[in-house]
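Okay, here's what each chain looks like letter by letter:
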Amino acid sequence: MKHLLKLMDLSTNEINEILNLADQLKFEKRNGIEHHHLKGKTLGMIFAKSSTRTRVSFEVGMYDLGGQALFLSSHDIQLGRGEPVEDTARVLSGYLDGIMIRTFKQSDVETLAEYGSIPIVNGLTDYCHPCQVLADLMTIREFKGNIKGRKLCYIGDGNNMANSLIVGGIKMGMSVSIGCPEGYKPDAEIMKWASENGDFTCTPDILEAAKDADVLYTDVWASMGQESEAEERKKIFDGYQINDSVMNVAKPDAMVLHCLPAHREEEITAKVFEAHAKEIFEEAENRLHAQKAVLVKLLKD
């Protein structure tokens, strides 16, 4: 494991190793056990998209690990003024021990890895969100005891979250169902891979998708960068909501996850959200622990 560019690059064993280390680091943090695995290391954090969870969890994570993190807004570095990604990769490789980037194009992440000489972590692109799904898998394991054989249902836009949940779920032995409108399906290549490598379905019928699900998952209807489409998307995604009707067809002990921020009464009702707030905010905290595990795997000597 040289980088974390997308979950498709990782084996099931590598994912399990990250989750096991994340569990250990979480236990140590909660019990005040110091774990300075990255003492003297520096992580550059490039943000073309703003964030709450990504920035705070990576910054705190590096501090917990004994290193430091540098916030690099794309507006404040030459990348935002037209310097090629290839040049940015080579320059920053001379200063830093690793780079986390949260941006729009997956190609920018791949180019950083190709031209740089240090580990690259994908903090989010329009194509995928591997760090979030590692935290999701960690949370499912905490609440359910095991992942393999469980059913994961995602309802909403077939976006970066759907893409990464499909890959992460299938690689970990889950069956995965997607409930989304026609024209808003996940990436075609990812769906083809999932169909060939596991138990996968995609349907516009959310009750069919949610039937007997162990885990229900949703995301906002309009992601960052899609603000101009928000009103149109409200009409298209009307009804693609985790609500009592969806909960009633899932398993009685189904858990609910949301990558946040949540728009109550759009993709999820306030009632369902608050009933499952424990899982959702544990999931948010687990971003810290899962990402620390990734950083230790990539940056530790």
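Up top is the structure.
Report follows, based on the coordinates. (Residues numbered from 1 in each chain as written. Predicted model: local features only at pLDDT ≥ 70, side-chain atom pairs only at ≥ 80, totals over all residues. Heavy atoms only, no water.)

### Describing the sheet that holds strand S3 (residues 98-102)
Each strand in a sheet pairs with another by means of backbone hydrogen bonds, the pair being arranged parallel or else antiparallel.
Moving on, step 1. In space, the 4 strands of this open sheet follow the order S2-S1-S3-S4, with parallel pairing throughout. The outermost strands of the open sheet, each flanked by one partner alone, are strand S2 (68-73) and strand S4 (120-124). With direction set aside, neighbouring strand axes in the sheet form an average angle of 20 degrees.
Moving on, step 2. Pairing geometry for S3 and S4, over 4 bridges, is parallel. Counterpart to Arg102 in the pairing with S4 is Leu124.
Moving on, step 3. Lying over the sheet, helix H2 (residues 53-64) contacts strand S1 (42-47), S2, S3 and S4, oriented at roughly 175 degrees with respect to S1. (Pairing = 2+ DSSP bridges. Helix = DSSP H or I, 4+ residues; strand = E, 2+ residues; numbered from the N terminus. Axes fitted to C-alpha atoms, helices over the stretch in contact; angles between N-to-C directions. Contact = heavy atoms within 4.5 Å.)

### Focus: the side chain of Ser177
Moving on, step 1. With respect to the helices and strands, Ser177 occurs in strand S6 (residues 175-179).
Moving on, step 2. Separated by 2.7 Å, the side chain of Ser177 and the backbone oxygen of Ala209 make a polar contact. (Polar contact = N/O pair within 3.5 Å; in protein donor to acceptor, adjacent residues only side chain to side chain.)

### Side note on the pattern of salt bridges
Moving on, step 1. Tallied over the entire structure, the rule returns 25 salt bridges.
Moving on, step 2. When the shortest N-O distance is used, the salt bridge between Lys6 and Glu110 registers 3.3 Å. Here Glu110 lies in helix H4 (residues 106-115) and Lys6 lies in the segment before helix H1 (12-30), a separation of 104 residues in the sequence.
Moving on, step 3. Measuring nitrogen to oxygen at the nearest pair gives 3.0 Å for the salt bridge that ties Asp64 to Lys29. In this pair, Asp64 sits in helix H2 while Lys29 sits in helix H1, placing the two residues 35 residues apart along the sequence.
Moving on, step 4. If you follow the salt bridges from partner to partner, you end up with Lys26, Arg30, Glu142, Glu282 and Glu285 in one network. (Salt bridge = Lys/Arg side-chain N within 4 Å of Asp/Glu carboxyl O.)

### Regarding the packing of aromatic side chains
Moving on, step 1. This structure, assessed with the given rule, holds 6 aromatic pairs.
Moving on, step 2. Put simply, the rings of Tyr184, Trp221, Phe237 and Tyr240 touch in pairs and so form one group of aromatic residues.
Moving on, step 3. The ring of Phe71 is capped by Arg55, whose NZ or CZ atom sits 3.8 Å from the centre of that ring.
Moving on, step 4. Taking NZ or CZ as reference, Arg264 lies 4.0 Å from the ring centre of Phe273, over its face. (Phe/Tyr/Trp six-rings, centres within 6.5 Å; stacked < 30°, edge-to-face > 60°. Lys NZ or Arg CZ within 6 Å of the ring centre and 35° of its normal.)

### Considering the sheet that holds S6
Moving on, step 1. Judged by pairing direction, the sheet is parallel, and its 5 strands sit side by side in the order S7-S6-S5-S8-S9 without closing on themselves. A single partner strand is all that each edge strand has here, and the edge strands are strand S7 (200-203) and strand S9 (255-258). Taking each pair of neighbouring strands and ignoring which way they run, the sheet shows an average axis angle of 20 degrees.
Moving on, step 2. Bridge analysis of strand S5 (residues 151-155) against S6 gives 5 bridges, and the strand direction is parallel. Looking at S6, one finds that Tyr154 is bridged to Ile178.
Moving on, step 3. Along the sheet face, helix H12 (residues 277-299) touches strand S8 (215-218) and S9 and points at about 45 degrees away from the line of S9.

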